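Chain by chain, the residues run as shown.
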Amino acid sequence: MKHGKKYNEALKKYDPAKKYEIAEACKLVKDIHYTKFDETVELSVSLKLEKNQTVRDTLVFPHQFTGEKRVLVFCKEDRVQEALDAGATYAGSTEYIDKVKGGWTEFDVAVATPDMMKDVGRLGMVLGRRGLMPNPKTGTVTPNIAQAVAELKKGRTEFRADKGGVIHIPVGKVSMSESDTAENVTTFLAELARKKPSDAKAGFVRSVSLSSTMGPGVWIDYKEEA
């Protein structure tokens, strides 16, 4: 892939083949950032997954960096006010199912009570391809509406390995201090270690890198615990 002049100039400011400690990598990504907008800092983790293995969960970072999420709650009429009081942007049943069927997706995350999933599950063609389908594995199918909405409003973030076994997850903004970004990275890697499949083989984490939206990647020296 051919890169621009500014990208190539950024490559000269560090050793692209070297692995750096987390704090140093976060500082480098901030230092080699060259665009005028506040880029997102993304962590990429390549995993060694067997065919029957997957990694998917959510976490709340200690340092938030995204705008407030618009939360849609699919629930029966008697729980609509509870959802709205908890901070949901929208809440309801049939009326929102019909809107989504029509292609409406003006929300960032969807939550559903278990008794709504029979109907919500039919929205797979719209919600599934946008990654918005509620799922019990990520805490978005739950009877505890208030807790789910509160955590999502705080910035609970979903992560999952793609078909190639790679997790891409935003961990900050270049405007953040490197110490805050480093703490977010450390928090995620600790959570990932807890979610390691029990039958995973040695070398579960193949590589870890950090980059801004437009910038080159910086390798992180990650030592996997046995």
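As the structure is a prediction and not an experimental result, all values here were calculated from the model. (Residues numbered from 1 in each chain as written. Predicted model: local features only at pLDDT ≥ 70, side-chain atom pairs only at ≥ 80, totals over all residues. Heavy atoms only, no water.)

(A) A look at the overall build of the protein chain. On a plain count of helices and strands, the protein chain comes out with eight helices and 10 strands. Its C-alpha atoms put the protein chain at 60 × 45 × 30 Å along the principal axes. Relative to its 226 residues, the protein chain shows a buried fraction of 43%. Summed over all atoms, the accessible surface of the protein chain reaches about 12,300 Å², with 50% contributed by carbon and sulfur. Of the charged side chains in the protein chain, 36 are positive and 32 negative; the average position of the first set lies 6 Å away from that of the second. (Helix = DSSP H or I, 4+ residues; strand = E, 2+ residues; numbered from the N terminus. Buried < 20%, exposed > 50% of the residue type's maximum accessible area, 1.4 Å probe, protein only. Areas by Shrake-Rupley, 256 points an atom, 1.4 Å probe, with all protein chains shown as cover. Lys, Arg positive; Asp, Glu negative; His and termini not counted. Charge placed at Lys NZ, Arg CZ, Asp CG, Glu CD.)

(B) The pattern of salt bridges, seen in detail. The tally for this structure, following the rule as stated, stands at 11 salt bridges. For E82, the salt bridge is made with R79, and the minimal N-O distance between the two is 3.0 Å. According to the relative accessible area criterion, R79 is partly exposed, its value standing at 23%. Bridged by salt links that share partners, the residues D57, E191, R194 and K195 form one connected network. (Salt bridge = Lys/Arg side-chain N within 4 Å of Asp/Glu carboxyl O.)

(C) Structural context of the sheet that holds strand 8 (residues 166-173). Strand order in the open sheet formed by five strands is 1-10-9-2-8, with mixed pairing between adjacent strands. Here the strands that pair on one side only, and so sit at the sheet edges, are strand 1 (19-20) and strand 8. Sheet topology note: the strand 9 (residues 205-212)/strand 10 (residues 218-220) ladder contains two bridges and is antiparallel. For S209, the partnering residue across the bridge sits in strand 10 and is W219. (Pairing = 2+ DSSP bridges.)

(D) Region of the structure containing the nonpolar core. Core analysis: the biggest nonpolar cluster contains 36 residues, and L43, F188 and L210 have the highest contact counts within it. Mapped onto this core, the elements with two or more residues apiece are helix 2 (22-31), strand 2 (40-47), strand 8, helix 8 (178-194), strand 9 and strand 10. Ignoring any residue separated from it by four or fewer positions in sequence, one finds L210 in contact with A25, C26, V29, V41, E42, L43, V171, V185, P216, G217, V218 and I220. If you look at the next biggest cluster of nonpolar residues, it comprises 16 residues, including F107, M116, L123 and L127. (Core = buried A, V, L, I, M, F, W, Y, C linked by side-chain atoms within 4.5 Å. Contact = heavy atoms within 4.5 Å.)

(E) Representation of helix 4 (residues 94-101) within the structure. For helix 4, the set of buried residues is Y96, I97 and V100. One side of helix 4 carries all its buried residues, which in axial view fall inside an arc of 105°. Tucked into the core, helix 4 has its buried residues touching strand 4 (71-74), strand 5 (90-92), helix 5 (117-120) and helix 6 (124-127). (Arc of directions from axis to C-beta.)

(F) The arrangement of the side chain of N135 in detail. Following the sequence through the fold, N135 ends up in the loop between helix 6 and helix 7 (145-153). Not counting residues within four places of it along the chain, the set of residues in contact with N135 comprises R56, T140 and V141.

(G) Up close: a negative patch on the surface. Negative charge collects at one region of the surface, where E77, D78, E95, D98 and D115 lie side by side. Within the fold, D78 resides in the loop between strand 4 and helix 3 (80-85). (Patch = residues over 30% accessible without salt bridge, like charges linked within 9 Å, V, L, I, M, F, W, Y side chains within 5 Å.)

(H) Just the packing of aromatic side chains, in detail. According to the stated counting rule, one finds seven aromatic pairs in the structure shown. Judged by centre distance (5.7 Å) and plane angle (40°), the ring pair of Y96 and W104 falls under tilted. For the pair formed by Y96 and W104, the shared burial category is buried. Linked through ring pairs, Y90, Y96, W104 and F107 together constitute an aromatic cluster. (Phe/Tyr/Trp six-rings, centres within 6.5 Å; stacked < 30°, edge-to-face > 60°.)

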